[in-house]
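So the chains spell out like this:
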Amino acid sequence: MIYLDNSATTRPFDSVIKAVSDNMADNFGNASSLHRMGVNAEKVLKEAKKTILGKLGADGDLYFTSGATESNNTALSGIPKAYKHNGKRIVSTSFEHPSVENPLKKLEEAGYEVVRVKPPKRDEPQDFEQRIASAVNADTLMVSVMWVNNETGFITDTAKLYAAVKRANPKTIVHVDAVQGFCKLPSKMLKADLISLSAHKIHGVKGMGALYCAKGVRFEPLLYGGGQQKNLRSGTEPIDLIAGFAEAVRSYPDCTEKYAALNERLVSKLSELPDIGINSYNNAKNILNFSVRGVRSEIMLHFLEEREIYVSSGSACSKGKTSGVLAEFGVSDRDADCAIRASFSPFTSEIDIDALIQGIEDGIKRFRR
Ligand code: PLP
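For clarity, every value in this text was computed on a predicted model and none was experimentally measured.

What about the environment of Val115?
Now for step 1: In this structure, Val115 sits in strand E4 (residues 113–117).
Now for step 2: Linking Val115 and Ile90, residues 25 residues apart in sequence, is a C-alpha distance of 6.2 Å.
Now for step 3: Ignoring anything within four residues of it in the chain, the contact list for Val115 reads Arg89, Ile90, Val91, Ser92 and Ala135.

Printed below as a string of C-alpha cells:
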C-alpha cells in the first residue's frame, strides 16, 4: 500500500499504539480520583502537557479536546464570550477549514463583522501576514488563521502575523489552527494566543486534540460539566489517547529535508507529463496539490486506488465536492475538477513517488480525452 493522504489522516505510529494500549490496560484510572490510580493517570496527563508545550516552545497552558474541530469551535465561541467588550470585528482568511469557517458564519449571524482576507496570487508579493494585520483596527476582537492550508499546503508565517497584529492592536487575540503545520514546520513560525492541534494528523489517534492558551489569555468553555481541566474543558480525560498524542509528538522525526526532496521529485516528474497544473505555491513541502487536466479527480483517485495508491481529490473533508478553497488560490473550476492532493509522512519514500507518477501516467493514457 502507498498511502499519500496524510493530510486527511495518518497511520498511528507503532509507539503510539503501544502507549495507548499500555495505558488502556494498566493505567485506566480517572485523573480526578484521589487514590493512586488517579494520581498515576494525572501524572501521564501532566507529562503529556509538558511534551506538547515543549514542542510548541510555549509556556501557557494546554487543554485536551476531542480534536481540532472542538478546539477551533472552543476558540471561536470562547473568545467572543470572554472579551465581550473588545470589539465586533474578526479577521480571518477566505480559505479556512470548515471547523473555523462555519463558526465564523455563526458569529456573523450573531452580529460580528468577519473580514476574510484572500491569499496572495502565486506571482504577487507574498506579504500576506502584513495584509491580514492591516485589516485589524481598534474594533478587532480576534484574528483566526490557519498555519498551513490543508488543501494546497499554503503557509502563513504566524509568528510574523502575531507581531504585526499586536502592533496594530495589542488587545486583539490571535488564534491559529496549527493542525497541518505542527511537527512538520519549525515551531519558530508559530506564535499565537490560542493554538488548535489534532493528534491524528501526526500519527496519533483520531478523536484527540488540544487547545493551547497563552498566559494571561482567557476563554469561556464550550462544554459545562464536571469541571475537569480547570473548568475549561469538562469531561473525564482520555488518558490513553492523551498518552498516544504525546508519544506521537515525541516520535515525529524532523522531516524537513526529506519532504523537500520528495516534493522536488514529485514536481519534477510531474513536469515531464503532459498538461499538468501545479496548484500549490508557498507551500509546506509535505503537501502538493496538482491537476491532471482532462481526467476528473475521482476517476484518477479510484484508478490509483486499484493499485493501492491512496491520494485525495482536493480536500477529504469536502467528500469529492469541487473545492471552493482551490478557487481562492486561483485554480480554475476546470482544474479544480481534476485536482489531486498528495501528502507525505515520515514513511513516504522515493519509490512511492515513482509509483504515483507511473499510476498517473497510465491513468492519463487510459482516461484523458
Ligand atoms: N483544521 C484543519 C486545517 C484540518 O485539516 C482539520 C482536519 O481535517 C481540522 C482542523 C479538524 O481536525 P479534527 O479532525 O481533529 O477535528
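Structure shown, so let's carry the discussion forward.
Looking at the side chain of Thr10
Now for step 1: In this structure, Thr10 sits in the loop between strand E1 (2–3) and helix H1 (14–26).
Now for step 2: The exposure class of Thr10 is buried, given its relative accessible area of 4%.
Now for step 3: From its side chain, Thr10 meets the backbone oxygen of His200 in a polar contact 2.6 Å long.
Now for step 4: For Thr10, the side chain forms a polar contact with the main-chain nitrogen of His203, separated by 2.7 Å.
Now for step 5: Setting aside its immediate chain neighbours within four residues, Thr10 contacts Tyr3, His200, Lys201, Ile202, His203, Gly204 and Lys206.

Observations concerning the sheet that holds strand E3 (residues 89–93)
Now for step 1: The strand order across the open sheet built from seven strands is E2-E8-E7-E6-E5-E3-E4, with neighbouring strands paired in mixed fashion. With partners counted over all chains shown, the strands left at the sheet margins are strand E2 (61–65) and E4, one partner each. Across the sheet, the axes of successive neighbouring strands diverge by a mean angle of 20°, strand direction being ignored.
Now for step 2: For strand E7 (residues 194–198) and strand E8 (residues 209–213), the ladder comprises five bridges, and the chain directions are antiparallel.

A closer look at the packing of helix H2 (residues 36–56) against helix H7 (residues 239–251)
Now for step 1: In the contact formed by H2 and H7, the axes pass within 9 Å of each other and the chain directions differ by 30°. On the basis of the axis angle, H2 is roughly parallel to H7. Two packed elements cross with a definite hand, and for H2 against H7 that hand is left-handed. Contacts from Ala41, Val44, Leu45, Ala48, Thr51, Ile52 and Lys55 in H2 reach Ile239, Ile242, Ala243, Phe245, Ala246, Val249 and Arg250 in H7.
Now for step 2: Tallied by class, the residues present in the contact of H2 with H7 amount to eleven nonpolar, one polar and two charged.

Considering the site of the ligand
Now for step 1: Taken together, 15 residues lie around the ligand, and Thr69, Asp177, Gln180, Ser198 and Lys201 are the ones closest in.
Now for step 2: Contact between the ligand and Thr69: an oxygen atom at 2.6 Å from a side-chain N or O atom of the residue.
Now for step 3: Interatomic distance of 2.6 Å between a side-chain N/O atom of Asp177 and a nitrogen atom of the ligand.
Now for step 4: The greatest single-element share of the shell around the ligand, amounting to three residues, is contributed by helix H3 (residues 68–82).

Considering unusual backbone geometry
Comment: phi is negative for the bulk of residues other than glycine, and the bulk of peptide bonds are trans.
Now for step 1: Although it is not a glycine, Gln229 sits at a positive phi angle of roughly 50°.
Now for step 2: Checked against the element boundaries, Gln229 lands in the loop between E8 and H7.
Now for step 3: For Gln229, a relative accessible area of 11% corresponds to the buried category.
Now for step 4: One non-glycine residue with positive phi stands out, namely Asn231, at about 70°.
Now for step 5: Along the chain, Asn231 turns up in the loop between E8 and H7.
Now for step 6: For Asn231, a relative accessible area of 47% corresponds to the partly exposed category.

Structural notes on the domain arrangement of the protein
Now for step 1: Domain annotation of the protein identifies domain 1 (14–251) and domain 2 (254–367).
Now for step 2: A straight line from the C-alpha centre of domain 1 to that of domain 2 covers 28 Å.
Now for step 3: Across the contact, 22 residues belong to domain 1 and 23 residues belong to domain 2.
Now for step 4: Summed over both partners, the interface of domain 1 with domain 2 comes to about 2,000 Å²; 56% of that surface belongs to carbon and sulfur atoms.
Now for step 5: For domain 1, the biggest contributors to the area lost against domain 2 are Arg122, Glu151 and Thr152; these three give 37% of the whole.
Now for step 6: If you look at where domain 1 meets domain 2, you find one salt bridge.
Now for step 7: The tally of links from domain 1 across to domain 2 stands at ten residue pairs in polar contact (both at pLDDT 80 or more).
Now for step 8: By residue class, the composition of the side of domain 1 that touches domain 2 is seven nonpolar, nine polar and six charged.

Conventions we followed
Residues numbered from 1 in each chain as written. Predicted model: local features only at pLDDT ≥ 70, side-chain atom pairs only at ≥ 80, totals over all residues. Heavy atoms only, no water. Helix = DSSP H or I, 4+ residues; strand = E, 2+ residues; numbered from the N terminus. Contact = heavy atoms within 4.5 Å. Buried < 20%, exposed > 50% of the residue type's maximum accessible area, 1.4 Å probe, protein only. Polar contact = N/O pair within 3.5 Å; in protein donor to acceptor, adjacent residues only side chain to side chain. Pairing = 2+ DSSP bridges. Axes fitted to C-alpha atoms, helices over the stretch in contact; angles between N-to-C directions. Parallel < 35°, antiparallel > 145°, perpendicular 65-115°, else oblique. Left-handed = near helix turned anticlockwise from the far one by under 90°. Nonpolar A, V, L, I, M, F, W, Y, C, P; charged D, E, K, R; others polar. Near = heavy atom within 4 Å. Domains from an automatic or database assignment. Buried area = accessible area lost by both parts, 1.4 Å probe. Salt bridge = Lys/Arg side-chain N within 4 Å of Asp/Glu carboxyl O.

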